[in-house]
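# Secondary and tertiary structure notes
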Amino acid sequence: MKKIKWGILGTAKIAGYGMIPGMKLAANCELYAIAGRNPEKVMDYKTKYGFEKAYNSYDDLIADNDVQAVYIPLPNHLHLEWVTKALKAGKHVLCEKPLALNAEQAKQMFNTARDCNRILMEAYAYLHSPYVKSIQNDIKNGLIGKIDYVDTAFITQGYKEDFRLHKEFGGGAMYDLGCYCTTMILSVIESEPEQIKAVADFTELGVDYLTSAIIKFKNGARAAFNAGMVLGENSNSRYDRLFIHGTKGSIKSDVEYNQEGELKYLITTADGVLERKITVPQNYSLEVEQLGRCILDGEKPYITQEFSIKNAQLIDSVLKETGF
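Calculation rules
- Starting from 1, residues in each chain are numbered consecutively following that chain's sequence as written.
- Given that the model is predicted, a residue must reach a pLDDT of at least 70 before its local features are reported, and side-chain atom pairs must reach 80 or more before they are shown or counted; all residues, however, enter totals for whole chains, interfaces and linings.
- Here the side-chain values reflect all heavy atoms present in the structure, with hydrogen atoms and water set aside.
- In plain words, nonpolar cores are sets of buried Ala, Val, Leu, Ile, Met, Phe, Trp, Tyr and Cys residues tied together by side-chain atoms within 4.5 Å.
- Per-residue accessibility, obtained with a 1.4 Å probe over protein chains only, is compared with the maximum for each type, and a residue is labelled buried under 20%, exposed over 50%, and partly exposed between these values.
- Each helix is a run of H or I in the DSSP string that is no shorter than four residues. Each strand is a run of E no shorter than two, and both are numbered from the N terminus.
- Two residues qualify as a contact provided that any one of their heavy atoms is within 4.5 Å of a heavy atom in the partner residue.
- Pairs of strands are assigned from DSSP output, requiring at least two bridges between the strands.
- Throughout, an axis means a line fitted to C-alpha atoms (over the contacting stretch in the case of helices), and angles, computed between N-to-C directions, take values from 0 to 180 degrees.
- Any pair of Phe, Tyr and Trp rings, taking the six-membered ring for Trp, is counted once the centres come within 6.5 Å. Such a pair is stacked with planes under 30 degrees apart, edge-to-face with planes over 60 apart, and tilted for the rest.
- For a Lys NZ or an Arg CZ to count as sitting over a ring, it must be within 6 Å of the ring centre and within 35 degrees of the ring normal.
- Between N or O atoms, a polar contact is any pair within 3.5 Å; within protein, one atom must be a potential hydrogen donor and the other a potential acceptor, and residues adjacent in sequence are included only when both atoms are from side chains.
- Throughout this description, the term salt bridge denotes a Lys or Arg side-chain nitrogen within 4 Å of a carboxyl oxygen of Asp or Glu.
- Geometric relationships in this document are graded by angle, where less than 35 degrees denotes roughly parallel, more than 145 denotes roughly antiparallel, 65 to 115 denotes roughly perpendicular, and other angles denote oblique.
- Left-handed describes a crossing whose near helix is turned anticlockwise from the far helix by less than a right angle; the clockwise case is right-handed.
- Polar here means any residue other than Ala, Val, Leu, Ile, Met, Phe, Trp, Tyr, Cys and Pro, which are nonpolar, and Asp, Glu, Lys and Arg, which are charged; Gly is therefore polar.

We now examine the nonpolar core. Formed by 78 residues in total, the largest nonpolar core has its most connected members in W6, M23, Y71, L94, V150, I189 and I244. The biggest single contributor to this core is helix 7 (residues 173-188), with eleven residues. Sequence-distant contacts of I189, that is, excluding residues within four places in its chain, are made with I147, V150, F217, N219, A221, R222 and A223. Counting 29 residues, the second-largest nonpolar core is a separate cluster that includes A33, Y58, V83 and A106.

Residue K97 is joined to P98 through a cis peptide bond whose omega torsion reads -15 degrees. Secondary-structure assignment places P98 in the loop between strand 5 (92-96) and helix 5 (103-115). Residues other than glycine seldom take positive phi values, yet N117 does so here, at roughly 55 degrees. By the element assignment, N117 lies in the loop between helix 5 and strand 6 (120-123). A positive phi angle, near 70 degrees, is found at N258, a position not held by glycine. Topologically, N258 is positioned in the loop between strand 12 (249-253) and strand 13 (261-269). A residue is classified by how much of its surface remains accessible, and N258, at 18% relative accessible area, is buried.

With that settled, consider the sheet that holds strand 6. If you trace the six strands from one edge of the open sheet to the other, you get 3-2-1-4-5-6, paired in parallel fashion. Two strands close off the open sheet at either side, each with one partner strand: strand 3 (53-55) and strand 6. Between one strand axis and the next, the sheet turns by 25 degrees as a mean value, whatever way the strands run. Summarising the sheet, strand 1 (residues 4-9) and strand 4 (residues 69-72) pair through three bridges and their orientation is parallel. Within the sheet, the bridge partner assigned to W6 lies in strand 4 and is A69.

With that out of the way, let us pick up the packing of aromatic side chains. Applying the stated rule across the entire model yields twelve aromatic pairs. Between Y175 and F324 the ring centres are 6.0 Å apart and the planes differ by 80 degrees, which places this aromatic pair in the edge-to-face class. Placement of Y175 in helix 7 and of F324 in the segment after helix 9 (305-322) is noted, with a sequence separation of 149 residues between them. Residue Y175 is classed as buried on the basis of its relative accessible area of 6%. Aromatic side chains F202 and F324 sit 6.4 Å apart centroid to centroid with 20 degrees between the ring planes, which places their arrangement in the stacked category. Within this pair, whereas F202 is found in strand 8 (residues 193-202), its partner F324 is found in the segment after helix 9, the two being separated by 122 residues in sequence. Residue classification places F202 among the partly exposed residues on the basis of a relative accessible area of 32%. Geometry around W82 places K85 over its ring, the cationic atom sitting 4.1 Å from the centre. A cation over an aromatic ring shows up here: K133 above the ring of Y302, its NZ or CZ 4.4 Å from the ring centre.

Our next topic: the pairing of strand 14 (residues 272-280). Pairing of strand 13 with strand 14 involves nine bridges; the strand directions are antiparallel. Note that in strand 14 the partner of T268 across the bridge is V273. Between strand 13 and strand 14, which follow one another and run antiparallel, lie two residues.

Right, let's get into the side chain of T156. With respect to the element layout, T156 can be found in strand 7 (residues 147-158). At 2.5 Å, the side chain of T156 forms a polar contact with the side chain of Q157. At 3.4 Å, the side chain of T156 forms a polar contact with the backbone oxygen of S237.

Our next topic: the pattern of salt bridges. Applying the stated criterion to the full structure yields 16 salt bridges. With its nearest N and O atoms 3.0 Å apart, the salt bridge here joins D254 to K252. Note on K252: relative accessible area 40%, which makes it partly exposed. Taken together, the shared-partner salt bridges in this structure form one network comprising D59, E81 and K85.

Where helix 5 meets helix 9, the axes come as close as 8 Å, and the angle between the chain directions of the two elements is 160 degrees. Viewed along their axes, helix 5 and helix 9 adopt a mutual orientation that is roughly antiparallel. Crossing handedness for the pair helix 5 and helix 9: right-handed. Contacts between helix 5 and helix 9 involve A103, A106, K107 and F110 from the first element and Q305, S308, I309, A312, Q313 and D316 from the second. Its residues placed into classes, the contact of helix 5 with helix 9 shows five nonpolar, three polar and two charged.

Set out below in structure tokens:
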């Protein structure tokens, strides 16, 4: 099998615990280069994970002609700069969520990708999961009828020191966690948002610590979500939920976002309760393999430009409502 030579810009935690293990499992991926601004950490990643090349400069990595695709897990405020630089250097790009701080930035990045004839995909690993796809298929097959209400939440622990606590770095609960909720909602409700109401609790540093929103769609469906970092400080606690109600039944899941293993959800209809069990591999590997197929075989990115921009517009509207 042909393999894509990947480079990673940054030694972020998500790269270490999620993406790099996923890349090692992906059949069409070659771990080629790692770059960071801490030489000691860069060498540690090179040795630990077996990268062929290590760079102490992001520019040096994207100047490497052997790098075909770049994964960007940098803080949110750096996405526009480095996505643009990587695309213009001829690299395909997988950028961590949220791709942009607003919809205009997202459009700018996708326009650059088009002009450079390169693929840009936003990294929502959980959406590649067969668990999520099973839920979507049950809905498309009419198992619970027409959706009238979706409720979801992603609540996690507070942080003592983290870029997510700083507004200038693109921090806050909405960007970090709420984007899971909005993408989940948009992936099951096929309509345009019509009305949005949202409130938030802000920290002294100006980021939203807890955001709650209600969304009404043009087809009459409604959705609500809660996203926050309020469960203590560095307690490793989290709370996730997903409830989808339709005219013929409902789907309920308490599985945390982006999990692997044997997962289950409940479908309740007039015929009773059905437990659906799905075996889920590592989601990051699915994501990397999918983009690899896009590059090698011309497959369409699963997270499309249209979806990413629609989600960015929804996040913009929620943040505007909260006064962020």
